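Next come the chains, spelled out residue by residue.
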Amino acid sequence: MTAPIDHKALRAACGTFATGVTVISTRTEDGDHGMTANAFMSVSLDPPLVTISLDHKAKLLPKIRASGRYAVSILAEGMESLAWHFAGKFNQDHSDPFEDCEGLPVVPGAMSVFVTEVVQEVEAGDHTLFIGRVTHLSRDVEKSPLLFHGGKFAGLAKA
C-alpha cells in the first residue's frame, strides 16, 4: 500500500508545469461571469472540442451549468493585472473587462478566443470537466502568450 499523496505537495508539483493563462467566462440571466484558470486543453479536432476543469467549489461552475456555454480567452503577455483581477484580486481598472463575442463575454485583446457549447460533463474527483464544442474561434498571431509557472507570471524568452 502506498502512502497518501499530500494535497499541498501535489499542487506544488503541478505548479512546476508551465501553462498558459486563460479567463473562462459565461453569461447568465444575472450577468457576465469569469475566472482565471490554467486547466484548459484541446480534446479533438474533428469534432472541434476543448475542455476546462473547474473545482466543485468554483463560483463559475453552476453558472456554466445554467448557461450551457462558455468562452475561453487565452491571455497575452502583459495581461497579468487582468489575470489577477479574475483570480479574485479586484482591480478597478478592469471594472468592465469584457466584450461580446457570439453572445458570450470574452476578454478584448486576448491572444485567442474559443466560444463553446457544453456537450459533456465529466465528474473527476473534486473537479468537473466541461467538454465544449467550439462554435467560434479567433486568434492574433502577433501576440505572445502569458505564462504561469511556480505561482508567477512570465512571458516567452526573446530569441
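Residues numbered from 1 in each chain as written. Predicted model: local features only at pLDDT ≥ 70, side-chain atom pairs only at ≥ 80, totals over all residues. Heavy atoms only, no water.

S.K.: How should I be thinking about unusual backbone geometry in this particular structure?
M.R.: A negative phi holds for most residues other than glycine; trans holds for most peptide bonds. With an omega dihedral of 5 degrees, the bond running from D46 to P47 counts as a cis peptide bond. Locating P47 in the fold gives a position in the loop between β4 (40–44) and β5 (49–55). With a phi angle near 55 degrees, E102 is a residue other than glycine that sits in the positive phi range. Relative to the elements of secondary structure, E102 occurs in the loop between β7 (99–101) and β8 (104–106). (Helix = DSSP H or I, 4+ residues; strand = E, 2+ residues; numbered from the N terminus.)

S.K.: What am I meant to see in the pairing of strand β10 (residues 127–139) here?
M.R.: Note on strand geometry: in a regular strand, side chains alternate between the two faces of the sheet. Both β5 and β10 contribute to a ladder of 7 bridges, which runs antiparallel. Note on β10: the bridge partner recorded for I52 is F130. Linking strand β9 (residues 112–124) to β10, which pair antiparallel, is a turn of 2 residues; within it G125 sits at a positive phi near 60 degrees. (Pairing = 2+ DSSP bridges.)

S.K.: Teacher, can you tell me more about the sheet that holds strand β11 (residues 147–149) here?
M.R.: Sheet strands pair by backbone hydrogen bonding; their relative direction is either parallel or antiparallel. Read across the open sheet, the 3 strands follow the order β1-β11-β12; overall the sheet is antiparallel. Of all the strands in the sheet, just β1 (19–20) and β12 (152–154) have a single pairing partner and so form its edges. Bridge count between β11 and β12: 3 bridges; the pairing is antiparallel. Within β12, the residue paired with L147 across the bridge is A154.

S.K.: Just to check I follow, could you spell out the sheet that holds strand β2 (residues 22–28) for this structure?
M.R.: Read from one edge of the open sheet, 7 strands run β3-β2-β6-β9-β10-β5-β4, paired in antiparallel fashion. This sheet does not close on itself; its edge strands, each paired only once, are β3 (31–37) and β4. Going across the sheet, the axis of each strand differs from the next one's by a mean of 35 degrees, ignoring polarity. Pairing analysis gives 4 bridges linking β4 to β5, with the strands arranged antiparallel. Its bridge partner lying in β5, M41 is registered against T51. (Axes fitted to C-alpha atoms, helices over the stretch in contact; angles between N-to-C directions.)

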